[in-house]
Amino acid sequence: MEEKLVKFGRQSVSTREYFAPGHRACVGCGEALAVRLALKALGENVVIATATGCIEIISSCLPQTSWRVPWIHTLFENTAAVTSGIEAGFKALQRKEELPSKRIYCVAMAGDGGTSDIGIQALSGALERGHDFLYLCYDNEAYMNTGIQRSSATPYGAFTTTAPPGKLSIGQITWKKNMVAIVAAHDIPYVATACPSYPFDLIDKVRKGAEIKGPAYVHILSPCPTGWRYSTEQTIEIGKLAVETGIFPLYEVEEGKYKMNVDRPELKPIREYLELQGRFRHLPDEEIEKIQQRVEKEYHKVKDKCGV
Amino acid sequence: MRRVALEGSFAAAEAARIADVDVIAAYPITPQTHIVERLAEMVADGELDAEYIDVESEHSALSCLLGASAVGARTFTATAGQGLELMHEVLYIASSMRLPIIMAVANRALSAPLSVWGDHSDAMAVRDSGWIQVFAENSQEVSDLILWAFRVGEDRKVLFPVMVHLDGFHISHVTEPVLLPDKEEVDRFLPPYCYPLPLDPDRPVTMGAYGPPEIYSEAKKAQEVALRESKEVILRGWEEFRDAFGRSYSPVELHPPQGAKTLLLTMGSFSETAQLAVDQKRRKGEDVGLLSIRLWRPFPFEELSGAARDAHTLIIFDRSISFGGPGGPVACEVKSALYSEQRRPKVVSFIGGLGGRDVSQKEFEQMIDRGVEIVEKGSLGMYETIGIRD
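Residues numbered from 1 in each chain as written. Chains lettered and ligands numbered in written order. Predicted model: local features only at pLDDT ≥ 70, side-chain atom pairs only at ≥ 80, totals over all residues.

**Brief notes about the overall build of chain A**
Phase 1: If you tally the helices and strands in chain A, you get 11 helices and 12 strands.
Phase 2: Compactness check: chain A gives a C-alpha radius of gyration of 19 Å against a globular reference of 19 Å for 308 residues, within 12% of the reference.
Phase 3: Overall, the C-alpha framework of chain A stretches about 65 × 45 × 40 Å when taken along its three principal axes.
Phase 4: In chain A, the share of contacts with a sequence separation of at least 24, taken over all contacts with a separation of at least 6, comes to 66%. (Helix = DSSP H or I, 4+ residues; strand = E, 2+ residues; numbered from the N terminus. Rg over C-alpha atoms; globule rule 2.2 N^0.38 Å. Contact = placed C-beta atoms within 7 Å.)

**Section: the overall build of chain B**
Phase 1: Across its full length, chain B carries 13 helices and 16 strands.
Phase 2: What you see for chain B is a C-alpha radius of gyration of 21 Å, in line with the 21 Å of a compact globule of 390 residues.
Phase 3: In terms of principal-axis extent, the alpha carbons of chain B reach across some 70 × 55 × 45 Å.
Phase 4: By the burial criterion, 54% of the 390 residues in chain B qualify as buried.
Phase 5: Intrachain contacts of chain B at a sequence separation of at least 6 include 81% that bridge at least 24 residues. (Buried ≥ 20, exposed ≤ 12 C-beta atoms within 10 Å, placed from the backbone.)

**Digging into helix α9 (residues 213-245) of chain B**
All names here are of chain B.
Phase 1: With 33 residues, α9 should cover 48 Å at 1.5 Å per step; its first-to-last C-alpha distance of 47 Å lies within 8% of that length.
Phase 2: The sharpest bend along α9 comes to roughly 25°, located at K231.
Phase 3: Check the buried side of α9 and you find it contacts β6 (132-135), α7 (139-153), α8 (183-189) and β13 (295-297).
Phase 4: Immediately downstream of α9, the backbone of G246 shows phi near 85°, a positive value. (Expected span 1.5 Å × (residues − 1). Bend = angle between axes of the 7 residues up to and from the residue.)

**As for the interface of chain A and chain B**
Phase 1: With 39 residues of chain A at the interface, the matching set in chain B holds 39 residues.
Phase 2: When contributions to the side of chain A that touches chain B are tallied by element, the ones reaching two or more residues are β3 (46-50), α2 (54-59), β4 (71-73), α3 (79-95) and α5 (120-129) of chain A.
Phase 3: If you tally residues by element for the side of chain A that touches chain B, the top one is α3 of chain A, at 12 residues.

**As for the sheet that holds strand β12 (residues 257-260) of chain A**
Phase 1: Judged by pairing direction, the sheet is mixed, and its nine strands sit side by side in the order β12(A)-β11(A)-β9(A)-β10(A)-β6(A)-β5(A)-β3(A)-β4(A)-β9(B) without closing on themselves. With partners counted over all chains shown, the strands left at the sheet margins are β12 of chain A together with β9 (206-207) of chain B, one partner each.
Phase 2: Pairing between β3 of chain A and strand β5 (residues 105-111) of chain A: five bridges, direction parallel. Note on β5 of chain A: the bridge partner recorded for A49 of chain A is A108 of chain A. (Pairing = 2+ DSSP bridges.)

**Details of the sheet that holds strand β11 (residues 262-267) of chain B**
Residues and elements named next belong to chain B.
Phase 1: What the six strands build is an open sheet, ordered β10-β12-β11-β14-β15-β16; its pairing is mixed. The two strands at the open ends of the sheet, each matched to only one other strand, are β10 (252-255) and β16 (384-385).
Phase 2: Relative to strand β12 (residues 288-293), β11 is paired through six bridges, and the arrangement is parallel. Paired with M267 across the two strands is I293, which belongs to β12.
Phase 3: The sheet contacts of helix α10 (residues 270-283) involve β10, β11, β12 and β14 (313-318), and relative to β12 the element is tilted by about 165°.
Phase 4: In the packing of helix α11 (residues 301-308) onto the sheet, contacts are made with β10, β11, β12 and β14, and the angle to β10 comes to roughly 15°. (Axes fitted to C-alpha atoms, helices over the stretch in contact; angles between N-to-C directions.)

**With respect to the environment of I132 of chain B**
Phase 1: Here I132 of chain B lies in strand β6.
Phase 2: For the pair I132 of chain B and P181 of chain B, spaced 49 residues apart in sequence, the C-alpha separation works out to 24 Å.

**Examining the packing of α3 of chain A against α5 of chain A**
All names here are of chain A.
Phase 1: Relative orientation of the contacting elements α3 and α5 amounts to 35°, with a least axis distance of 7 Å. In this structure, α3 contributes T79, A80, A81, T83 and S84 to the contact, and α5 contributes A122, L123, G125, A126 and R129.
Phase 2: For the contact of α3 with α5, the class distribution of residues is five nonpolar, four polar and one charged. (Nonpolar A, V, L, I, M, F, W, Y, C, P; charged D, E, K, R; others polar.)

**With respect to the pairing of strand β9 (residues 190-194) of chain A**
Two faces, one strand: in a regular strand the side chains alternate between the faces of the sheet.
All names here are of chain A.
Phase 1: With respect to burial, β9 is a largely interior element, five of its five residues being buried.
Phase 2: Burial along β9 is two-sided: the residues Y190, A192 and A194 and V191 and T193 are all buried.
Phase 3: Here five bridges tie β9 to strand β10 (residues 216-221), and the two strands are oriented parallel to one another. Considered in β10, the bridge of A194 is made with I220.
Phase 4: Handedness of the crossover is the feature at issue here: the chain leaves β9, passes through helix α7 (residues 199-211), returns alongside β10, and the resulting connection is right-handed.
Phase 5: With three bridges connecting them, β9 and strand β11 (residues 251-254) associate as antiparallel partners. Note that in β11 the partner of Y190 across the bridge is E254. (Right-handed = clockwise from strand over helix to strand, strands pointing away.)

**As for the pairing of strand β2 (residues 11-14) of chain A**
Phase 1: In this structure, strand β1 (residues 5-8) of chain A lies alongside β2 of chain A, joined through four bridges in antiparallel fashion. Bridge pairing links K7 of chain A to S12 of chain A in β2 of chain A.

**Re the confidence of the model for chain B**
As a general rule, the predicted coordinates of low-pLDDT regions are not to be interpreted in detail.
Phase 1: The pLDDT averaged across chain B works out to 97; a share of 100% of its residues lies at or above 70.
Phase 2: ipTM for the predicted complex: 0.97, alongside a pTM of 0.97. (pLDDT = per-residue confidence, 0-100.)

**Observations regarding the domain arrangement of chain B**
A common way to report how large an interface is uses the accessible area buried once the components associate.
All names here are of chain B.
Phase 1: Considered domain by domain, chain B is made up of domain 1 (2-245) and domain 2 (252-385).
Phase 2: Centre-to-centre separation of domain 1 and domain 2, based on C-alpha positions: 28 Å.
Phase 3: Listed per partner, the contact involves 26 residues of domain 1 and 19 residues of domain 2.
Phase 4: Of all the secondary structure elements, the ones that give two or more residues to the side of domain 1 that touches domain 2 are α6 (121-125), β6, β7 (162-167) and α9.
Phase 5: Looking at the side of domain 1 that touches domain 2 element by element, the count peaks at five residues for α9.
Phase 6: The residue makeup of the side of domain 1 that touches domain 2, split by class, is 11 nonpolar, nine polar and six charged. (Domains from an automatic or database assignment.)

Below you can see the structure in the form of structure tokens.
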């Protein structure tokens, strides 16, 4: 297909689709949308390594594939390591003139479980070693591929099948692991958050992360109608509310410098975000108030780092 | 070709250097560490132009090499014991995705209790992982088999990863004279690695798609057929090696070549001690021989049954236990390989040499005597141990 660039204000986006339609994602999947946008940002000079999870399962049932760029899946927890090897392989082969010298983006993709739980060791190792690669975490806040089990990225109070609310529990009793802070603590050149509800921001950040030499990490909140229990046409709205309520601020950390990308004069009440989702339906008012306070506290921590 | 005194570990590193590997990813673990330390030195000194990745675990070591191999890089790593166990699920990916990674395994016992010393428990736990596997008897074999492994594993008709097992400490830490070929000689034997469908932006491929029930069985059958058929290239690789460097290898070895009434069977470095025991008995006029297995996977059924056919008694020595199972894993394999043969020897199974425990020449002689006695009495049990206190 011929590539065209469509202008939206100061930005342009390719009409070319590198993530082919016909994949098996649920209707309204925020993650599939994020993958599609990320691939548009990356173009064709790319090699992708994906962890086991929703994205791998919906895109690669033998003998079919949705990937129009080179793609590899091996295991669940080793995506950052596989990508390290891809980068090292290209580096060695290009240096030894066994391959022509050109920049090929090496990109790892994994879900929140593959990133903040089972894959965190391999990710930390790859970040510390300083490989030239981009890591995209598609965070849908639980193990959705296996059927909504809690991960360390599941937010406080949410229903999951392994941390269900009951007579003695409100569901998830821990606060979401701050993966962005953990990655930023590795002092890598670029860390950012993104959400497909803000497509140009997402495309910009993926491009920037790929272009920058050294490790880069973009944490993408990927609303999931199946696991979050909301109506499939609300994905974009939910993602927007996550940003507007401050529970998922959009910011970036470039060479250690924090920058807020969307900063509203006033945050919307967290209730507006929670009440659209069945996974929070059971929460009493006092729990919602507790979440409200936590969100504000965390949001201002980020703002303080940004100096705004 | 030059003759140098080398520790078995350094012989492994030298072979990887001469093969001009592109990417090494490794994690330290005794008794393998000397191999990758030496490689790291070579890279630091510019003797080897490779990317050396200091990973944070063995799981990541092998995972890195999946990626590197998939873009067309020649890859090498080494591990042992717990490290090999931590790699376990990655082993299956390498063989099933047909990525010809070459790995030296300095065989080590498995915890608990913790033991850094040698036996074959680590190797036996990965027996069915789909890798081509060979056991070396000495440092010369380590170096030769690693060079051969690149030649065979990377062959387009094969494309399987290869494990070269060397006994922890008994080979890895013993200095012996080794003949090392020059790079020019090796370049004639070993063609450049050319992976048929690498990850390449100019020719996008999907690797590692999942297999639904309609496809998985066929994929596994194809893998099994391909591994069995790799035997042809395995044998040709040894012929080419002989032509290039003058040393011959075969899937099994029989000493003396015509066989004997009573055969001792071993695998790995203990074969050399076992041979001393056999020679001692032969000097006394006993009709005893040694059968050693070098090719462990794909299993050399034909060669093994051919070599054992005329023996009356086959005494098998294992360096690991199949807990609650039929005894030594090697004995178990050999028994099933011989079961359908019309003429087959009586098989006696011994277990010893666990966690670095030495087995002396005298103990091998005792094993032979006891094996003959067991067969004469007709009291073939599951197995007996040697050199282990009750």
